[in-house]
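# Fold and contact review
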Amino acid sequence: MGELIKYANIPSDGGFHRALFDSEMTTKLWLVMLDEMKSRYSLATIPFQLVQKLTKTPKKSVDNFLRRYAN
């Protein structure tokens with residue numbers, strides 16, 4: 001997870017593998033990812049149903065799926 005936190009530029013004191021810290025970092029990363037999706041695909045909101053569909057979408061098809069969803 002540390003590499004994802006660095007990639008997303010989320011400030012961290014490096015306390016990984018502690019339950020509370022890991023859950024906080026996961027939440028921050030999730031929010032950054034949602035904001036990135038909103039920005040990249042011009043989405044006002046990301047409903048939970050969309051996230052559910054994304055979990056079943058092959059990685060190589062995610063971009064096309066989100067482009068179609070946004071239109």
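As a starting point, this report considers the structure included with it. Computed from a prediction, not measured in an experiment: that's the story for all the values here. Along every chain, residues carry numbers that run from 1 in the direction the sequence is written. Selection of residues for local features in this predicted model requires a pLDDT of at least 70, selection of side-chain atom pairs for listing and counting requires 80 or more, and totals for whole chains, interfaces and linings are taken over all residues. Hydrogen atoms and water are omitted, and side-chain values are computed over all heavy atoms in the structure.

## Some remarks on the packing of helix H3 (residues 48-55) against helix H4 (residues 62-70)
Here H3 crosses H4 at 150°, and the two axes come no closer than 11 Å. By the angle between their axes, H3 is roughly antiparallel relative to H4. Between H3 and H4 lies a crossing of right-handed hand. For the pair H3 and H4, the contacting residues are Leu 50, Lys 53 and Leu 54 in the first and Val 62, Phe 65, Leu 66 and Tyr 69 in the second. Under the scheme applied here, ten amino acids are nonpolar (Ala, Val, Leu, Ile, Met, Phe, Trp, Tyr, Cys and Pro), four are charged (Asp, Glu, Lys and Arg), and all others, including Gly, are polar. Looking at side-chain class alone, the contact of H3 with H4 contains six nonpolar, no polar and one charged residues. Lines are fitted to the C-alpha atoms to define the axes, a helix being fitted only along its stretch in contact, and any angle between axes, read from their N-to-C directions, falls within 0 to 180 degrees. Segments assigned H or I by DSSP are reported as helices when at least four residues long, segments assigned E as strands when at least two residues long, and all are numbered from the N terminus. Note on terminology: angles under 35 degrees are roughly parallel, angles over 145 are roughly antiparallel, angles of 65 to 115 are roughly perpendicular, and the others are oblique. By convention, the crossing between two helices is left-handed when the near helix turns anticlockwise from the far helix through less than a right angle, and right-handed when the turn is clockwise. Whether two residues touch is decided by their heavy atoms; if any such pair falls within 4.5 Å, the residues are in contact.

## Regarding the side chain of Thr 57
You can see Thr 57 is positioned in the loop between H3 and H4. Burial classification: accessible surface area is computed with a 1.4 Å probe over protein chains only, and a residue below 20% of its type maximum counts as buried, one above 50% as exposed, and the rest as partly exposed. The exposure class of Thr 57 is buried, given its relative accessible area of 17%. Any N or O atom pair separated by 3.5 Å or less is treated as a polar contact, with the protein-specific requirement of one donor-capable and one acceptor-capable atom, and with residues adjacent in sequence counted only for side-chain atom pairs. Within the structure, the side chain of Thr 57 is placed 2.8 Å from the backbone oxygen of Lys 53, a separation counted as a polar contact. Those residues in contact with Thr 57 that sit more than four places away from it in its chain are Val 62 and Phe 65.

Note that all results are geometric; they support no functional claim without further evidence.
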